[in-house]
Amino acid sequence: MNFKVKCIYPVVLAALACLAGACNDGLLDVEATDRIGDDPIVNDSSLFEDFVINRYMGVRLQDKEAEGTPPGFGRGFEYALWASLTDEAIYNNDDNTWVVQRGQLAPENLGITGTQWARSYRSIRECNYALSVIDQVQMSTTHKAWLTAELKFIRAYRYHDLVRNYGSVVLMGDKVYNLTDDLMAEELFEKSSIAEGVQYVVAQLDEAASGLPASNNSTWQLGRATRGAALALKARMLLYAASPLYNAGTWQAAADAAQDVMDLSYSLHPDYRSLFLSPSSNEIIFERLYAVGARHVCLEISNGPNGYGGWAGNSPLQNLVDAYEVKVDATTAVPFDWDNAAHKADPYANRDPRFNASVLHNGSDYRGRQIETFLPGGKDSKDGQDNWNASKTGYYLKKFLNDALPIQNPWDVAGTQPWIYLRYAEVLLNYAEAQNEVAGPDASVYDAINLIRQRADMPDLPAGLDKNGMRDAIRRERQVELAFEEHRFYDVRRWMIAMDTENEPAYGVSITKSGNTLTYQKVVALDGRKFEEKHYWLPIPRAEIQSSGDRLDQSPHY
């Protein structure tokens, strides 16, 4: 045995010496098989277009995100919606959301907000790379122009995400940074002003709008950006820029940008509830599509009532429920008021129809029976089955949920609803808000808001509102029309009212049943809710600051 071992060693050593020398100079030049290199992407136009399309998605950076498919822009459909960081909802089982609700947000403790910075900049670099090599790709001039505009749109959306979360951010331009570059160069850490960031986003969207197709079709499939998507995102960015927190633009520019979208061919979907269940609607301007095999979180089980085997997920707050008006008759609606004896005795009667389309409450008809959140004995209360999944607020999410999909064992059939990034109702609201600030509540402001209210079967706004009254009405309309769609978080901040709205307790409802009588009481569903001035912007992750050698300025007051 020893003899054989001793004889093998010299042979192996000689072979290794030969391999390490002139026997094969390229031995270590191994081509990776787990990724596609630059040459195939540039040399194959179809592969290059696939690369561009995949930029609508980003990299997964955190646990409990991107179930089924990679994340897109913003947050979108995840277990914990962005709404659960606001006065719209709480995430029933925390999942790194309560840190935001309780004002404990810090550079080292970011909860679900911690992925926005890195994911956005990674995507920006990928867009810059594609733009830097697109001239080498063999394809028609027209199609190349479309892809160039598409990449500029995606890049602008990523910067839009950065600006609305962090304010001042680093603008990377068109440069593609590689490991061979000086990654400690000062320009990598120099933040622009908010105004410069907004101007860059708007300029990129203008370029994108001029080059993108006008609509989706067989060669430019649904889910890809169009001219309308670029103009609608521009209108949103300019609305934010004109708002008090940003103070980096004009209301006139925001109104004009929204009007440009209104001049296109979009219209409101006839039915509010069904709008969120299918990708085919003339109201939808830009959306993320899903399918069986490429799904998102199964919404019905993750948000459904415990009495049906659901997990309660994003549980709506009383704070939001109270914003839905009471419809008195065909011409009159009034705010809900807990001090109104009739309202308190029957709080769900005659509410804005968007309430029942968005929120499940005690008495809601749902899958063959009525929701029961009362105590004692309610099937969807803590006295029901799986009581650890009972809603802490007394409400369950209904918006987005498809009653045709199963709650139990949904994994191979559910998770297919579109996530709507931009829709026409938002554009109308954007226009009304900006135009009211420019000229007061003129006829065009009333028309924009009343069009949305008429779709919801709500009375028109009362005549004679002044600018302040219309401002309040528009803000309430945004709150209920756009509920759970990732707007409220940014609205209360840009209006600089978050010190009020986000310091309100997270309210729910307690319902006591005695015989046939129900008694309703507003209660605190999650204690310790807190918001400080610094929370108007997200903190940059501590790791990013450290990797810059402390040259990247942190968001204010962190």
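Since this is a predicted model, take the numbers as computed values, not measurements.

Criteria and thresholds
- Residues numbered from 1 in each chain as written.
- Predicted model: local features only at pLDDT ≥ 70, side-chain atom pairs only at ≥ 80, totals over all residues.
- Heavy atoms only, no water.
- Buried < 20%, exposed > 50% of the residue type's maximum accessible area, 1.4 Å probe, protein only.
- Helix = DSSP H or I, 4+ residues; strand = E, 2+ residues; numbered from the N terminus.
- Pairing = 2+ DSSP bridges.
- Axes fitted to C-alpha atoms, helices over the stretch in contact; angles between N-to-C directions.
- Parallel < 35°, antiparallel > 145°, perpendicular 65-115°, else oblique.
- Left-handed = near helix turned anticlockwise from the far one by under 90°.
- Contact = heavy atoms within 4.5 Å.
- Phe/Tyr/Trp six-rings, centres within 6.5 Å; stacked < 30°, edge-to-face > 60°.
- Lys NZ or Arg CZ within 6 Å of the ring centre and 35° of its normal.
- Core = buried A, V, L, I, M, F, W, Y, C linked by side-chain atoms within 4.5 Å.
- Polar contact = N/O pair within 3.5 Å; in protein donor to acceptor, adjacent residues only side chain to side chain.
- Salt bridge = Lys/Arg side-chain N within 4 Å of Asp/Glu carboxyl O.

Visitor: Just to check I follow, could you spell out the pairing of strand S2 (residues 284–288) for this structure?
Guide: Side chains on a regular strand alternate between the two faces of the sheet. Counting buried positions over the five residues of S2 gives five, a clear majority of the element. Sheet topology note: the S2/strand S10 (residues 419–423) ladder contains four bridges and is antiparallel. Within S10, the residue paired with Arg288 across the bridge is Trp419.

Visitor: What is the right way to look at the packing of helix H6 (residues 141–166) against helix H8 (residues 227–242) in this model?
Guide: Two packed helices can be described by the angle between their axes and the distance between those axes. At a closest axis distance of 11 Å, the pairing of H6 and H8 adopts a crossing angle of 20 degrees. Accordingly, the angle class assigned to the pair H6 and H8 is roughly parallel. Seen along the crossing, H6 lies across H8 with a hand that is left-handed. Facing Phe153, Tyr157, His160, Val163 and Arg164 of H6, the residues of H8 in contact are Ala229, Ala230, Leu233, Arg236, Met237 and Tyr240.

Visitor: Help me understand the packing of aromatic side chains, please; the structure alone is not making it clear to me.
Guide: Centre-to-centre distance and the angle between the planes together describe a pair of aromatic rings. Throughout the structure, instances matching the rule amount to 34 aromatic pairs. Between Phe73 and Tyr421, the ring centres sit 5.4 Å apart and the planes meet at 70 degrees, which makes this aromatic pair edge-to-face. With a gap of 348 residues between them, Phe73 in the loop between helix H3 (45–53) and strand S1 (89–91) and Tyr421 in strand S10 connect regions that are remote in the sequence. Neither residue differs from the other here; Phe73 and Tyr421 are each classed as buried. Judged by centre distance (5.9 Å) and plane angle (50 degrees), the rings of Tyr240 and Tyr246 are tilted. Taken as a pair, Tyr240 and Tyr246 share a single burial class, namely buried. One aromatic cluster is present, formed by Tyr56, Phe73, Phe153, Tyr157, Phe286 and Tyr421 through successive ring pairs. Residue placement shows Lys175 over the ring face of Tyr177; its charged tip is 5.0 Å from the ring centre. Positioned above the aromatic ring of Phe374 is the side chain of Lys513, whose terminal nitrogen or guanidinium carbon lies 4.6 Å from the ring centre.

Visitor: Explain the nonpolar core to me, please; I cannot follow it from the model alone.
Guide: Core analysis: the biggest nonpolar cluster contains 160 residues, and Phe48, Tyr121, Phe153, Phe286, Phe400 and Phe484 have the highest contact counts within it. The dominant element in this core, judged by the number of residues it contributes, is H8, at twelve residues. What Phe286 contacts, discounting residues up to four positions off in sequence, is Tyr56, Phe73, Phe153, Tyr157, Gly223, Arg224, Ala225, Ala229, Ile420, Tyr421 and Leu422. Residues Ile90, Leu317, Ala506 and Ala525 belong to the second largest nonpolar core, which totals six residues.

Visitor: In this structure, what is going on with the side chain of Gln554? I would like to understand it.
Guide: By the element assignment, Gln554 lies in the segment after helix H20 (542–547). Only 2.7 Å separates the side chain of Gln554 from the backbone nitrogen of Ile540, close enough to count as a polar contact. In this view, Gln554 contacts Pro107, Lys191, Pro539, Ile540 and Ile545; residues no more than four positions away in its chain are not counted.

Visitor: Looking at this model, I keep getting lost on the pattern of salt bridges. Mind explaining?
Guide: Any two side chains of opposite charge can pair, on the condition that their charged atoms come close. Following the criterion strictly, the structure yields 41 salt bridges and no others. The closest approach of N and O atoms between Glu486 and Arg164, which form a salt bridge, is 4.0 Å. Residue Glu486 is located in the loop between helix H17 (467–481) and helix H18 (488–494), and its partner Arg164 is located in helix H6; the two are separated by 322 residues in the primary sequence. In terms of burial, Glu486 and Arg164 fall into one category: buried. Note that Lys399 and Glu485 form a salt bridge whose closest N and O atoms lie 2.6 Å from each other. Of this pair, Lys399 sits in the loop between strand S9 (396–397) and S10 while Glu485 sits in the loop between H17 and H18; the two residues are 86 residues apart in sequence, bridging distant segments of the chain. Considered together, Lys399 and Glu485 belong to a single accessibility category, that of buried residues. In the salt-bridge network here, residues are joined through shared partners; they are Glu283, Glu325, Asp352, Arg354, Lys399, Arg423, Arg453, Arg455, Arg476, Glu477, Glu481 and Glu485.

Worth remembering: the numbers are spatial, not functional.
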